[in-house]
Amino acid sequence: SPEGFLHLRGEHPQLYLEATDGGANKWFLMSNNDDAGMFHIGRGLAQMANADFTIKDSNVGIGTIDPKAKLHIFGDGSTQWLYRIEHNGITGKVLGLDVDNTNAYINYTGDLLFRSNSIEKIRFDKDGNVGIGTTNLGNYKLAVAGDVGIDGSITAKEIEMKPNIWADFVFKED
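Quick caveat, the model's predicted, so the values are computed rather than measured. (Residues numbered from 1 in each chain as written. Predicted model: local features only at pLDDT ≥ 70, side-chain atom pairs only at ≥ 80, totals over all residues. Heavy atoms only, no water.)

1. What to know about the side chain of Glu120
- The residue Glu120 is located in strand 11 (residues 119-124) in this model.
- Polar contacts involving the side chain of Glu120 include one to the side chain of Arg123, which spans 2.8 Å.
- Discounting chain neighbours no more than four positions away, the residues touching Glu120 are Leu113, Phe114, Arg115, Thr134 and Thr135. (Helix = DSSP H or I, 4+ residues; strand = E, 2+ residues; numbered from the N terminus. Polar contact = N/O pair within 3.5 Å; in protein donor to acceptor, adjacent residues only side chain to side chain. Contact = heavy atoms within 4.5 Å.)

2. A look at the pattern of salt bridges
- Taken as a whole, this structure holds four salt bridges when the rule is applied.
- Of the charged contacts, one joins Lys56 and Asp66 as a salt bridge, the two residues approaching to 2.8 Å between their closest N and O atoms. Of this pair, Lys56 sits in strand 4 (residues 51-56) while Asp66 is found in the loop between strand 5 (59-62) and strand 6 (71-73), placing the two residues 10 residues apart along the sequence.
- Residue Lys56 is classed as buried on the basis of its relative accessible area, which comes to 13%.
- Measuring nitrogen to oxygen at the nearest pair gives 2.6 Å for the salt bridge that ties Asp66 to Lys68.
- Judged by its relative accessible area of 29%, Asp66 falls in the partly exposed class.
- A residue is classified by how much of its surface remains accessible, and Lys68, at 61% relative accessible area, is exposed.
- One network of salt bridges, with partners in common, ties together Lys56, Asp66 and Lys68. (Salt bridge = Lys/Arg side-chain N within 4 Å of Asp/Glu carboxyl O. Buried < 20%, exposed > 50% of the residue type's maximum accessible area, 1.4 Å probe, protein only.)

3. Here's the deal with unusual backbone geometry
- Within the chain, Ser58 stands out as a residue other than glycine whose phi angle is a positive 70 degrees.
- Along the chain, Ser58 turns up in the loop between strand 4 and strand 5.
- You can call Ser58 exposed: its relative accessible area is 56%.
- Despite not being glycine, Asn117 has its phi angle at roughly 50 degrees, a positive value.

4. Overview of the packing of aromatic side chains
- Inspection of every chain in the model, using the stated rule, returns one aromatic pair.
- Ring geometry for Phe114 against Phe124: centres 5.9 Å apart, planes inclined by 70 degrees, an arrangement best described as edge-to-face. Placement of the pair is Phe114 in strand 10 (residues 112-116) and Phe124 in strand 11, with a sequence separation of 10 residues. (Phe/Tyr/Trp six-rings, centres within 6.5 Å; stacked < 30°, edge-to-face > 60°.)

5. Examining the sheet that holds strand 12 (residues 130-132)
- Spatial ordering of the open sheet is given by 10-11-12-13, a layout of four strands whose pairing is mixed. The open sheet has two edge strands with one neighbour each: strand 10 and strand 13 (142-144). Going from strand to strand, the sheet's axes swing by 20 degrees on average, the running direction of each strand aside.
- Bridge analysis of strand 10 against strand 11 gives five bridges, and the strand direction is antiparallel. Bridge pairing in strand 11 places Arg115 opposite Glu120. (Pairing = 2+ DSSP bridges. Axes fitted to C-alpha atoms, helices over the stretch in contact; angles between N-to-C directions.)

In short, the description is geometric, and any link to function would need to be established separately.
What follows is the structure, given as structure tokens:
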């Protein structure tokens, strides 16, 4: 007996949504008895290979029919970014994430902030400057507020002592 207004039962139950143009805009919803708990949404013929979106064992796959995590996104390199996040109403602010054979990329059109408990901890500004523990980067490539531990040496072309910048001393006796 039907369990709802529309109830499909069969070995591979499928539902097609098709525009009147004859196929270019044909979508399907499909359940797969070969792999229990699997559900697909895709375009074209109802085959797993055409699935754009898959739910399997409480995992969601986009671009893959075999998701290995709660959210598994697979891209073929045909788009600029594998992941793209935009905020409605903020023009031109896009966060893009991507990977290739050797690197991972994060792209943002403004400053990139890392926060913990809503408190800014690290800032990469749009000019390539980095701030750790401070939001005031000044004109420094690296601005750090707080103690810095270095297990090794520091090499510099030039060291300039500027009192009253952050610390009022440069060296401290043991």
